Amino acid sequence: MPDRRTILVVAFLAVQAGAIYWAAAGEHVPTPPDLTKLAPQFGGWVQVRQEPIDAGTRSQLGADRLLSRSYFHVPAGPFANLFVAWFGSQRDGTRQPHSPKVCLPGNGWIPEVAGEVRIDTAAGAITVNRYVISNRGARAIVLYWYQTPRRVIASEWGAKFWLAADALRDKRTDTAIVRVAVAIPPGQDALATAAAEAFARQIYPLLRATFPR
């Protein structure tokens, strides 16, 4: 028989799905943000590449807006990759952010360290996920979070809870997943982590101003 935890998870998901569907019957789907207008230069970071996203990946992710960019911190590095997937509506339950906890291992990246970190920004403090990952000798720092009009959420379960709560309050279910990745040179874990956090500190207020409010 299913254990109590499994029963509670299934019950929570059922209640969440019902609440979202009922609350969003008159859903206001906002105008999608123009992510191409996100600043190409800020706080010493300069865009060096707009990463192409192929049609197959776009179809698999199902997002309404996607962005993948690489930035360089002048004058001597490092590089940071920014990935954003924005979803205008999650009412039908078929189009939702894909958790890096699943996607990264699926692409061969092995988590070495997993936790959360608080970052103070000009738009307020946020708590985000922090991963150290490796793949065939390459290592990277990954920060990611779920961003809605009202809040930033690190936890996948927290994101599901607030999705239902905000749907009831605002008649909206739009959200984005934001991921920042910085490669770790040998023996420079602390420097790479500091760079990723500095990038997140700068980009969060810009994304907050770009996403519909």
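(A) Summary view of the packing of aromatic side chains. Applying the stated criterion across every chain, the model contains eight aromatic pairs. Aromatic pair Phe72 and Phe79: ring centres 4.8 Å apart, planes at 50°, arrangement tilted. Ring pairs connect the aromatic residues Phe42, Trp45, Tyr71 and Phe199, which therefore count as one cluster. Of note, Arg151 hangs over the ring of Trp162, and the distance from its end group to the ring centre comes to 3.7 Å.

(B) Quick peek at the layout of surface pockets. Each pocket or cavity is described by its volume, and for the largest pocket that value is around 690 Å³. Along its surface, the largest pocket is lined by 30 residues, and Asn81, Phe83, Leu104, Asn107 and Arg179 are the ones closest to its centre. For the lining of the largest pocket, the elements supplying multiple residues, two or more each, are α2 (55–61), β3 (65–73), β4 (79–87), α3 (100–106), β7 (138–147) and β9 (175–183). At six residues, the largest contribution of residues to the lining of the largest pocket is made by β4. When its residues are assigned to classes, the lining of the largest pocket shows 20 nonpolar, eight polar and two charged.

(C) Molecular detail of the environment of Lys101. Here Lys101 shows up in helix α3. Sequence separation between Lys101 and Pro111 is ten residues; the distance between their C-alpha atoms is 8.6 Å. Apart from the residues within four sequence positions on either side, Lys101 is in contact with Tyr131, Tyr144 and Glu156.

(D) Inspection of the environment of Ala80 at higher detail. Take Ala80: it is sitting in strand β4. We classify Ala80 as buried; its relative accessible area is 2%. Distance in space between the C-alpha atoms of Ala80 and Trp45 is 8.8 Å, their sequence separation being 35 residues. For Ala80, the contacting residues outside a window of four places in its chain are Trp45, Arg69, Ser70, Tyr71, Ala181, Val182 and Phe199.

(E) Layout of unusual backbone geometry. Omega for the peptide link from Val74 to Pro75 comes to 10°, which places this bond in the cis form. Summarising the element assignment, Pro75 is placed in the loop between β3 and β4. We note that Arg136 has phi near 55°; this positive angle belongs to a residue other than glycine. Within the secondary structure layout, Arg136 lies in the loop between β6 (124–135) and β7. Its identity is not glycine, yet Lys171 carries a phi of approximately 60°, on the positive side. Locating Lys171 in the fold gives a position in the loop between α4 (156–170) and β9.

(F) Highlighting the pairing of strand β5 (residues 110–121). Sheet topology note: the β5/β6 ladder contains eleven bridges and is antiparallel. Following the sheet pairing, Val113 is matched in β6 by Val132. From the end of β5 to the start of β6, which pair antiparallel, there are two residues.

(G) Up close: the pairing of strand β2 (residues 45–50). When strand β1 (residues 41–42) meets β2, the two strands line up antiparallel, connected through two bridges. Looking across to β2, one finds that Phe42 is bridged to Trp45. Hairpin geometry of β1 and β2 is characterised by an intervening segment of two residues between the two adjacent antiparallel strands and by a positive phi of about 50° at Gly43. With five bridges joining them, β2 and β3 adopt antiparallel strand pairing. When the sheet's bridge partners are listed, Gln50 is paired in β3 with Arg69.

Cut-offs used in this document
- Residues numbered from 1 in each chain as written.
- Predicted model: local features only at pLDDT ≥ 70, side-chain atom pairs only at ≥ 80, totals over all residues.
- Heavy atoms only, no water.
- Phe/Tyr/Trp six-rings, centres within 6.5 Å; stacked < 30°, edge-to-face > 60°.
- Lys NZ or Arg CZ within 6 Å of the ring centre and 35° of its normal.
- 1 Å grid on protein atoms, 1.4 Å probe; cavity = no way out; pocket = protein on both sides within 12 Å on 5 of 7 lines; lining within 4 Å.
- Points joined across faces, edges and corners; volume = space filled by probe spheres on them.
- Helix = DSSP H or I, 4+ residues; strand = E, 2+ residues; numbered from the N terminus.
- Nonpolar A, V, L, I, M, F, W, Y, C, P; charged D, E, K, R; others polar.
- Contact = heavy atoms within 4.5 Å.
- Buried < 20%, exposed > 50% of the residue type's maximum accessible area, 1.4 Å probe, protein only.
- Pairing = 2+ DSSP bridges.

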